[in-house]
Amino acid sequence: MSFATRVLPLLVLASAPAFAQYESDPYEDAGYDEYAQSVPENVSYGYAQVLRADEVVEIVRTRTPEERCEDTVEYRDSRRTTNGTVIGAIVGAALGNQVGKGDGRKAATVAGAVAGGMIGNNVARNKAEAEARGCQIVEVEREERQVVGYDVEYMYKGEKYMSRLPYDPGNRLRVRVSVTPDDPSAAVR
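All of these numbers come straight from a predicted model, not from anything done at the bench. (Residues numbered from 1 in each chain as written. Predicted model: local features only at pLDDT ≥ 70, side-chain atom pairs only at ≥ 80, totals over all residues. Heavy atoms only, no water.)

A. Fine view of the overall build of the chain. Counting secondary structure elements, the chain contains five helices and four strands. The N-to-C order of helical and strand elements in the chain reads α-α-β-α-α-β-β-β-α. A total of 189 residues make up the chain; the buried ones form 17% of that total. For the chain, the accessible area works out to roughly 15200 Å², and carbon and sulfur atoms hold 54% of it. (Helix = DSSP H or I, 4+ residues; strand = E, 2+ residues; numbered from the N terminus. Buried < 20%, exposed > 50% of the residue type's maximum accessible area, 1.4 Å probe, protein only. Areas by Shrake-Rupley, 256 points an atom, 1.4 Å probe, with all protein chains shown as cover.)

B. Representation of the packing of aromatic side chains. In total, this model carries one aromatic pair according to the counting rule given. Taking the centre distance of 5.8 Å and the plane angle of 25° together, the rings of Tyr-154 and Tyr-161 count as stacked. What makes Tyr-154 buried here is its relative accessible area of 11%. Residue class for Tyr-161 comes out partly exposed when judged on its relative accessible area of 38%. Taking NZ or CZ as reference, Arg-174 lies 4.2 Å from the ring centre of Tyr-45, over its face. (Phe/Tyr/Trp six-rings, centres within 6.5 Å; stacked < 30°, edge-to-face > 60°. Lys NZ or Arg CZ within 6 Å of the ring centre and 35° of its normal.)

C. Looking closely at the confidence of the model for the chain. In the predicted model, the chain carries a mean pLDDT of 76, and 68% of its residues have values of at least 70. When mean pLDDT is taken per element in the chain, strand S3 (residues 159–165) scores highest with 95 and helix H2 (residues 30–38) scores lowest with 60. (pLDDT = per-residue confidence, 0-100.)

D. Region of interest: the sheet that holds strand S2 (residues 135–156). The antiparallel open sheet is built from four strands, whose spatial order is S3-S2-S1-S4. The open sheet terminates on both sides in strands that have one partner only, identified here as S3 and strand S4 (172–179). For this sheet, the mean inter-axis angle between neighbouring strands, taken without regard to orientation, is 30°. Here strand S1 (residues 42–69) pairs with S4 via eight bridges, running antiparallel. Within the sheet, the bridge partner assigned to Tyr-47 lies in S4 and is Arg-174. (Pairing = 2+ DSSP bridges. Axes fitted to C-alpha atoms, helices over the stretch in contact; angles between N-to-C directions.)

E. Fine view of the nonpolar core. Ranked by size, the top nonpolar core spans nine residues in total: Ala-48, Val-50, Tyr-150, Val-152, Tyr-154, Tyr-156, Leu-165, Leu-173 and Val-175. Secondary-structure elements contributing two or more residues to this core are S1, S2 and S4. Here this core gets four residues from one element, more than from any other, and that element is S2. When neighbours within four sequence positions are excluded, Val-175 is seen to be in contact with Ser-44, Tyr-45, Gly-46, Tyr-47, Ala-48, Tyr-154 and Tyr-156. (Core = buried A, V, L, I, M, F, W, Y, C linked by side-chain atoms within 4.5 Å. Contact = heavy atoms within 4.5 Å.)

F. Here's a closer look at unusual backbone geometry. With phi around 50°, Lys-157 is a residue other than glycine that occupies positive phi space. Within the element layout of this structure, Lys-157 appears in the loop between S2 and S3. We classify Lys-157 as exposed; its relative accessible area is 73%.

G. Molecular detail of the pattern of salt bridges. The tally for this structure, following the rule as stated, stands at nine salt bridges. Salt-bridge contacts for Arg-52 lead to Asp-54; the nearest nitrogen and oxygen are separated by 2.7 Å. Between Arg-63 and Glu-141 there is a salt bridge, with its nearest N and O atoms 3.2 Å apart. Of this pair, Arg-63 sits in strand S1 while Glu-141 is found in strand S2, placing the two residues 78 residues apart along the sequence. Among the charged side chains, a salt-bridge network with shared partners connects Arg-61, Arg-63, Glu-139, Glu-141 and Glu-143. (Salt bridge = Lys/Arg side-chain N within 4 Å of Asp/Glu carboxyl O.)

H. Fine view of the pairing of S1. Pairing of S1 with S2, which is carried by 20 bridges, proceeds in the antiparallel orientation. Each bridged residue has a counterpart across the sheet, and for Asp-54 the counterpart in S2 is Asp-151.

The structure is reproduced here in structure tokens:
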């Protein structure tokens with residue numbers, strides 16, 4: 001029999017009490033997990049040096065109404081302004097008739113007709129003038145560049161990091177530093 005075959009079983013028998021003492025992973029205990037969650041996190045704050053901050057740009061499209069006119073001969077159609085005046089006077093009289101009683105109602109009806117006629121005439125005249133100039137309201141699409149954030153490269157304690165922030169931090173960036181133990185089961189593997 002060789003020396004290894006005689007000594008190896010003795011070593012196994014001698015180390016059995018040591019193995020029995022650690023039957024399972026000491027961190028598998030449910031009590032440890034509850035303890036780890038109840039302990040306040042180790043947090044501190046520091047400042048990192050900003051190395052660069054690049055704008056993150058997005059193209060935004062907007063549609064706005066705009067009056068476009070062609071150069072044409074101007075003419076006026078008095079029927080259009082007359083129609084606007086008549087329609088405005090009728091609407092104004094109907095609204096004025098809803099106000100007051102007796103002679104007050106008659107006065108409100110007349111005042112409503114006069115005011116409505118003036119408003120209708122102005123609206124019709126403006127529309128007729130715009131059409132006479134060859135003008136139309138068209139929607140114009142515009143593209144605009146908007147800054148939506150910043151890709152910031154910074155250095156903290158000799159290590160470089162990168163983050164997207166909604167603002168330009170300037171030369172220094174406040175950082176939150178959190179220290180927690182590494183997962184013990186991951187270190188064994």
